[in-house]
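Secondary and tertiary structure notes
The residues making up each chain are set out below.
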4 protein chains.
Amino acid sequence: MGGNSFGKLFTLTTFGESHGPAIGAVVDGCPAGVPLTIEEIRSELARRRPGGGGTSTTRAEPDDPEILSGVFEGKTLGTPLAVIIRNAGAHSSDYDALKDCYRPGHADWCWEAKYGLRDHRGGGRTSGRETAGRVIGGAVAKAFLALSRISFHAWLQDAEDLVEKSAAVRVKGDSVGGVVVCRVEGLPPGLGEPVFGKLDAAIAGAMLSIGAVKGIEFGAGFAAAGMRGSEHNDAILPAGDMWWRKDLPFGVPAASFADNHSGGVLGGLSNGMPLEFKVAFKPVPSIGREQKTIDRSGNPVPLTVKGRHDVCVCPRALVVVEAMAAIVIADLMLQNRAAHV
Amino acid sequence: MGGNSFGKLFTLTTFGESHGPAIGAVVDGCPAGVPLTIEEIRSELARRRPGGGGTSTTRAEPDDPEILSGVFEGKTLGTPLAVIIRNAGAHSSDYDALKDCYRPGHADWCWEAKYGLRDHRGGGRTSGRETAGRVIGGAVAKAFLALSRISFHAWLQDAEDLVEKSAAVRVKGDSVGGVVVCRVEGLPPGLGEPVFGKLDAAIAGAMLSIGAVKGIEFGAGFAAAGMRGSEHNDAILPAGDMWWRKDLPFGVPAASFADNHSGGVLGGLSNGMPLEFKVAFKPVPSIGREQKTIDRSGNPVPLTVKGRHDVCVCPRALVVVEAMAAIVIADLMLQNRAAHV
Amino acid sequence: MGGNSFGKLFTLTTFGESHGPAIGAVVDGCPAGVPLTIEEIRSELARRRPGGGGTSTTRAEPDDPEILSGVFEGKTLGTPLAVIIRNAGAHSSDYDALKDCYRPGHADWCWEAKYGLRDHRGGGRTSGRETAGRVIGGAVAKAFLALSRISFHAWLQDAEDLVEKSAAVRVKGDSVGGVVVCRVEGLPPGLGEPVFGKLDAAIAGAMLSIGAVKGIEFGAGFAAAGMRGSEHNDAILPAGDMWWRKDLPFGVPAASFADNHSGGVLGGLSNGMPLEFKVAFKPVPSIGREQKTIDRSGNPVPLTVKGRHDVCVCPRALVVVEAMAAIVIADLMLQNRAAHV
Amino acid sequence: MGGNSFGKLFTLTTFGESHGPAIGAVVDGCPAGVPLTIEEIRSELARRRPGGGGTSTTRAEPDDPEILSGVFEGKTLGTPLAVIIRNAGAHSSDYDALKDCYRPGHADWCWEAKYGLRDHRGGGRTSGRETAGRVIGGAVAKAFLALSRISFHAWLQDAEDLVEKSAAVRVKGDSVGGVVVCRVEGLPPGLGEPVFGKLDAAIAGAMLSIGAVKGIEFGAGFAAAGMRGSEHNDAILPAGDMWWRKDLPFGVPAASFADNHSGGVLGGLSNGMPLEFKVAFKPVPSIGREQKTIDRSGNPVPLTVKGRHDVCVCPRALVVVEAMAAIVIADLMLQNRAAHV
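The following refers to the structure shown. Every value quoted in this text rests on a predicted model; they were computed, and no experiment measured them. (Residues numbered from 1 in each chain as written. Chains lettered and ligands numbered in written order. Predicted model: local features only at pLDDT ≥ 70, side-chain atom pairs only at ≥ 80, totals over all residues. Heavy atoms only, no water.)

It is common to give the size of an interface as the accessible area lost on bringing the parts into contact. Each side of the interface is counted separately: chain C has 114 residues, and chain D has 115 residues. Where chain C meets chain D, there are two salt bridges. Counting across the chain C and chain D interface gives 43 residue pairs in polar contact (both at pLDDT 80 or more). Here the side of chain C that touches chain D is built from residues that sort into 55 nonpolar, 36 polar and 23 charged. Relative to strand E10 (residues 213-218) of chain D, strand E10 (residues 213-218) of chain C is paired through three bridges, and the arrangement is antiparallel. Bridged to Gly-215 of chain C within E10 of chain D is Glu-217 of chain D. (Contact = heavy atoms within 4.5 Å. Salt bridge = Lys/Arg side-chain N within 4 Å of Asp/Glu carboxyl O. Polar contact = N/O pair within 3.5 Å; in protein donor to acceptor, adjacent residues only side chain to side chain. Nonpolar A, V, L, I, M, F, W, Y, C, P; charged D, E, K, R; others polar. Pairing = 2+ DSSP bridges. Helix = DSSP H or I, 4+ residues; strand = E, 2+ residues; numbered from the N terminus.)

This is the structure in structure tokens:
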């Protein structure tokens, strides 16, 4: 499977350069019979559109998706769903100055060292625009998982702070990072494939594949490193009256946990508590302030990145974090069907 | 590929329950012609053996590996290497009390909900003993990467502190967590497979697949979320006199970076700086203090875990962290050979 | 990887229903730097267009491809190539009669038993139209392999016979099968990944994935079953003056073979002789003559398939056979780069 | 996934050189809860042991398997099963003469061109002994599939003929090929993953991965190429009283087929009829008669292969053909669980 595909049974393949004709996604392995409309995809895409709050680019990205295959009479067919979005509103000339030098904080130089050539216009394939394909995949995954009452909710850890800081740095041509928190509710216990396809391993791989992400932690996370076992272990309790835990297979007794330091995952398997994790985003590397770099001949040159850029990606990244989580969970839900006879 | 296999070209498959006849690993896709001896595997395994410092179990684990295939006259054949370690020194009766209840902080309950049955002796497949297979894979990967002068070094972030804390909690029947730092040197720029097989994504997935890991961060990591772009971006400089950067393909100019906030990875590709990341381990969940749990009938029971357990896994986990990093890098080095014509 | 993706490093994902908005393909893992134009794709697609000779459907399929990504200034970028073809000329109403019954020789009934629903219009995803995506992938693979002077040539085993038979059965509303022969020249020795990814195993899997294919044989093939070892073994000779065999790695001596009973593959590895295999196609199952089948209620009904169908798929399948072979070879050429240090 | 692994959910990884310490297999992804004993593996292995009938080598291969993991109290755990067989009875010195020359009909020369080195003793990894690992995987797959009443039966197409011919050529130091027929009964309709993971594509890839196989055909096979559609199409009939066809999902009506020209597969999906295919084996390439080859310096040398070899592999290959079929079917049965919501 190529580097642009993700997943084992429920798979996402994305394609497209920022200033090429179109970007898009192919979702394969979605079970047949999932009710799905273009509106569900469109409304998820709208969440990653640049918006208010002073954190986003002013590039107009209508992101109008078209479903090319895989849906018939309002339901998934079990065949691959292809969805494309035509690129529009691209100002390629904004990027002419970047053709022959390498932006700090970006992959430009590494990319040339790997592939020998690159589409410099709008960042080409390394553009944040690539995440639209992930959101398409996430919309399909969510539609499938909604049938099992599994839901996804991501938010900014310090939302008010972030808006304030964004406004402050925007006028200085600078940018800021942030932390996104994500919670997944409704997971049955036992999701995850030991030992390398653990739930948290799959989620971590998915999140770090999002551009600008620099870290992830589950439950108590890095703080757990400073805790004692007696503090960190979540005591196991009889389940009480929570609905889903009453219906466990194999005569396994209903259970609950006194706390959620684990973040909902034990030994790589979901434990029925909400899956909770935090994702750290670095500041947007494209800034209006002058930076040091080199040109294609290796000579030092000053660089001021022009164009319309986000000050902070986090608000637009919420739906991307949810999407990647949903794709991972959809895949693990299907893999889990093979766990026992 | 099953959940017990890892990698795409350089692959590791591990097997074995803690108290079964043996554990082991199959490494497939290692290129032919790598010099390799049993000693290299044995010495890496020795690093994860319980040792001094007051942090480890007292279970004697000689971990004597036997190579069954894949090596001929001191070199890898290009065929799969199978290595097994007989289990010895197992006190299965220590675990009888755990057959009918679920240990807090462990996967016992989730495992039964997934598979319907489990080998409770010594944790079965969920035992930390499983990591021996990873260390075998890591030893092979390191031997291959040594040919490219790529090296791995992991250490405890707060080593003295940890020893002190371990001694303090051991007498109370408790445990502690910790943070492991890892640095990889010698990587050529451009390693990583956009967009889902990015270097940091692959490393994150690998690290979170290690039991007890709860978080990972690269370079500035979570602190990056609080930085400005002008602070976080590492300026790009002419390379000066560093050896390897002089030999780049495609006429790409030699380069260096003013700092390493990125942790050596930009846009998912290595940038030639050392790859640096931190891994958070939770405290060992098996503790001698009484905890609340339930039994197979769902009734609350008190539990005091007997047996010989680590107080902190971090010292023994250093070689495991290095091993997983080496396996990821070996795989990406091979995948990178397909990047251009 | 989903069922609609193929390959490990050089991968093809296809999508699209026959009467949906579009069909298409995503090629991922093609190395950067391959010269490629839309013309190369278009001319390959033209070869599978219904044509003369009296064997084809009269449906007009202009098959006008659009490249959405992955090519920049005439070269592949190392990013995924997405290519789509809008569906046109579809007469969906021709298929109304097929909505509630199952065509003999087709997957209709099996499909419903698997997925619970199907797009009956034009066969949906099971249409031969799906092969256009394979041809797109093949065009990219051929462009890559042309750089290594590897070429593909498929032809009809009994071409004149076939035209004659086709004409004879067309007037009776019937159809015929045929055998396609394929030869690949220019392969370096050693292609193929023991033990499950052997060259012939990969080719066989690829060919049988083409609709209507019922068999494959390499070299002497089924006739080999009746031969003696002393007849079938191709004697190994010094290479003489053939160009490529002079440049073997590892000091391996140049060699040639007295004959090609092996079809160019020994122990799953290419041996430098032309790769030769034959593929058997069954007769087109959609025929104008009345057949017995059942309807959705399980009642027997007579069926006469209307619409415009090929009398024999073989002439149009030549380019599909070549395409699948090219995709396999491109993938194995890349995998082969990882064979030794 | 490396070249020595096979399958997607139910996976087999094999390892081992013919004259190394051991050969073996790891089966991952077998669902938990399958009753399994060492006897089932041992009795399958016994079927590939050299035996009577005058077709086999006289090398004593007791093939005594040891299960290292994955089974607990008589049932599979859902964890990987590792099984090894120690090599014994190896006469490595028989092979000294082969170190510096290349056997006709074998992969020796191609192998060196690929890997640069090889274990010449007993053919190393290319030995037919490698198939023991496949038989282990097959035994596990059969145990799983027996729960669904799916059974496998392979036989020699011309059994009496073969014994006679074998006796005749043995005295001349020659060998013969043969055809193996395989029938799989009890498959539910709908198995197979369009468009690249079709049932027949997966079976064909599996069979051609067996050493010495040169062709495969399903149902009417190559003969289908000469048939008309009206002859080849199997009419669809109401099911009558066959048991399993009465219990189809989605309200799909019970059905049967008037004949089985399709060999049980339509459009890549099982249709509920027995899956039937034929596999062509070439004659054993190791023969006692003098053949032409070259040595490592490229000089022509005469070669007479010593050692104990089969005259015909087909009798011993029956269980290997069944094994590979069972592994494919087990994998597709699990994949099929993800077909619909």
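Moving on to the relation of the copies chain A and chain B. Overlaying chain A on chain B yields an RMSD of 0.0 Å, the required transformation being a rotation through 180° with an accompanying axial translation of 0.0 Å. Considering both components of the superposition, the chain copies are consistent with a two-fold axis. It is Gly-205 of chain A whose C-alpha, among those of chain A, lies nearest the rotation axis, at 2.2 Å. (Least-squares fit on C-alpha atoms with pLDDT ≥ 70 in both.)

Following the sequence through the fold, Arg-48 of chain B ends up in the loop between helix H1 (38-47) and strand E4 (65-69). At 3.5 Å, the side chain of Arg-48 of chain B forms a polar contact with the backbone oxygen of Gly-128 of chain B.

Here we come to the nonpolar core. Grouped together as the largest cluster of nonpolar side chains are 296 residues, with contacts concentrated most on Phe-277 of chain A, Phe-277 of chain B, Phe-277 of chain C together with Phe-277 of chain D. Setting aside residues up to four positions removed in sequence, Phe-277 of chain A forms contacts with Val-180, Val-181, Cys-182, Ile-203, Met-207, Ile-216, Glu-217, Phe-218, Val-321 and Ala-325 of chain A. (Core = buried A, V, L, I, M, F, W, Y, C linked by side-chain atoms within 4.5 Å. Buried < 20%, exposed > 50% of the residue type's maximum accessible area, 1.4 Å probe, protein only.)

Now for helix H5 (residues 199-208) of chain B. The periodicity of an α-helix, 3.6 residues per turn, causes residues three or four positions apart to be oriented the same way. Counting buried positions over the ten residues of H5 of chain B gives nine, a clear majority of the element. Turning to H5 of chain B, its buried residues are Leu-199, Asp-200, Ala-201, Ile-203, Ala-204, Gly-205, Ala-206, Met-207 and Leu-208 of chain B.

What follows deals with the packing of aromatic side chains. Any aromatic ring pair is given by two values, namely how distant the centres are and how the planes are angled relative to each other. With the rule as written, the count across this model stands at 18 aromatic pairs over all chains. With 6.0 Å between their ring centres and 75° between their planes, Trp-109 of chain A and Phe-257 of chain B make a pair best called edge-to-face. Of the two residues, Trp-109 of chain A is situated in helix H2 (residues 108-115) and Phe-257 of chain B in strand E12 (residues 255-257); the pairing between them involves two chains. Neither residue differs from the other here; Trp-109 of chain A and Phe-257 of chain B are each classed as buried. Positioned above the aromatic ring of Tyr-115 of chain A is the side chain of Lys-114 of chain A, whose terminal nitrogen or guanidinium carbon lies 5.6 Å from the ring centre. (Phe/Tyr/Trp six-rings, centres within 6.5 Å; stacked < 30°, edge-to-face > 60°. Lys NZ or Arg CZ within 6 Å of the ring centre and 35° of its normal.)

Moving on, we come to the pattern of salt bridges. Counting across every chain of the model gives 76 salt bridges over all chains. Put simply, Glu-322 of chain C and Lys-142 of chain C hold a salt bridge, and the shortest N to O gap is 2.6 Å. Of this pair, Glu-322 of chain C sits in helix H7 (residues 314-336) while Lys-142 of chain C sits in helix H3 (residues 131-146); the two residues are 180 residues apart in sequence, bridging distant segments of the chain. Given the relative accessible area of 2%, Glu-322 of chain C is considered buried. Taken together, the shared-partner salt bridges in this structure form one network comprising Arg-103, Asp-108, Glu-112, Arg-118 and Arg-296 of chain A.

All names here are of chain D. Mapped onto the elements of the fold, Gln-157 is located in the loop between strand E8 (151-156) and helix H4 (159-170). Here Gln-157 falls in the partly exposed class, since its relative accessible area comes to 33%. Residues Gln-157 and Gly-197, 40 residues apart in the sequence, show an inter-C-alpha distance of 28 Å. Filtering out sequence-adjacent residues up to four positions away, Gln-157 remains in contact with Val-179, Val-181 and Lys-278. Engagement of the side chain of Gln-157 in a polar contact is seen with the side chain of Asp-158, the distance being 3.3 Å.

Another point: the interface of chain A and chain B. In this assembly, 115 residues from chain A lie in contact with 115 residues from chain B. Summed over both partners, the interface of chain A with chain B comes to about 8400 Å²; 64% of that surface belongs to carbon and sulfur atoms. Interface area lost by chain A to chain B is led by Trp-109, Lys-114 and Phe-196 of chain A, which between them contribute 11%. Viewed at the interface, chain B and chain A are joined by two salt bridges. Close ionic contact of Glu-193 of chain A with Lys-114 of chain B constitutes a salt bridge, the shortest N to O distance being 3.0 Å. For the pair chain A and chain B, the interface holds 44 residue pairs in polar contact (both at pLDDT 80 or more). If you tally residues by element for the side of chain A that touches chain B, the top one is H2 of chain A, at seven residues. Looking at side-chain class alone, the side of chain A that touches chain B contains 56 nonpolar, 36 polar and 23 charged residues. (Buried area = accessible area lost by both parts, 1.4 Å probe.)

With that settled, consider the relation of the copies chain C and chain D. With an RMSD of 0.0 Å, the fit of chain C onto chain D corresponds to turning through 180° and sliding 0.0 Å along the axis. Interface overlap between copies: 100% of the residues of chain C at the interface are likewise at the interface in chain D, consistent with a symmetric, same-surface contact.

Let's shift gears to a negative patch on the surface. A cluster of acidic residues, Asp-158, Glu-160, Asp-161 and Glu-164 of chain A, forms a negative patch on the protein surface. Here Asp-161 of chain A is to be found in helix H4 (residues 159-170). (Patch = residues over 30% accessible without salt bridge, like charges linked within 9 Å, V, L, I, M, F, W, Y side chains within 5 Å. Areas by Shrake-Rupley, 256 points an atom, 1.4 Å probe, with all protein chains shown as cover. Lys, Arg positive; Asp, Glu negative; His and termini not counted. Charge placed at Lys NZ, Arg CZ, Asp CG, Glu CD.)

A few words on the environment of Glu-44 of chain A. Residue and element names in this part refer to chain A. Within the element layout of this structure, Glu-44 appears in helix H1 (residues 38-47). For the pair Glu-44 and Ala-132, spaced 88 residues apart in the sequence, the C-alpha separation amounts to 9.3 Å. Other than its neighbours up to four places away in sequence, Glu-44 contacts Val-135, Ala-139, Lys-142 and Val-319.

All names here are of chain A. Direction vectors running N to C along H1 and helix H3 (residues 131-146) enclose 130°, while the axes themselves pass 9 Å from each other. On the basis of their axis angle, the class for H1 and H3 is oblique. For the element pair H1 and H3, the recorded crossing hand is right-handed. Here Glu-40, Ile-41, Glu-44, Leu-45 and Arg-47 of H1 come into contact with H3, specifically with Ala-132, Val-135, Ile-136, Ala-139, Lys-142 and Ala-143. Here the residues of the contact of H1 with H3 are counted per class, giving seven nonpolar, no polar and four charged. (Axes fitted to C-alpha atoms, helices over the stretch in contact; angles between N-to-C directions. Parallel < 35°, antiparallel > 145°, perpendicular 65-115°, else oblique. Left-handed = near helix turned anticlockwise from the far one by under 90°.)

Cis rather than trans, the peptide bond between Pro-194 of chain B and Val-195 of chain B has omega equal to 0°. Residue placement: Val-195 of chain B occurs in the loop between strand E9 (178-185) and H5. Look at Phe-250 of chain A: it is not a glycine, yet its phi comes out positive at around 65°. Inspection of the secondary structure puts Phe-250 of chain A in the loop between strand E11 (236-238) and strand E12 (255-257).

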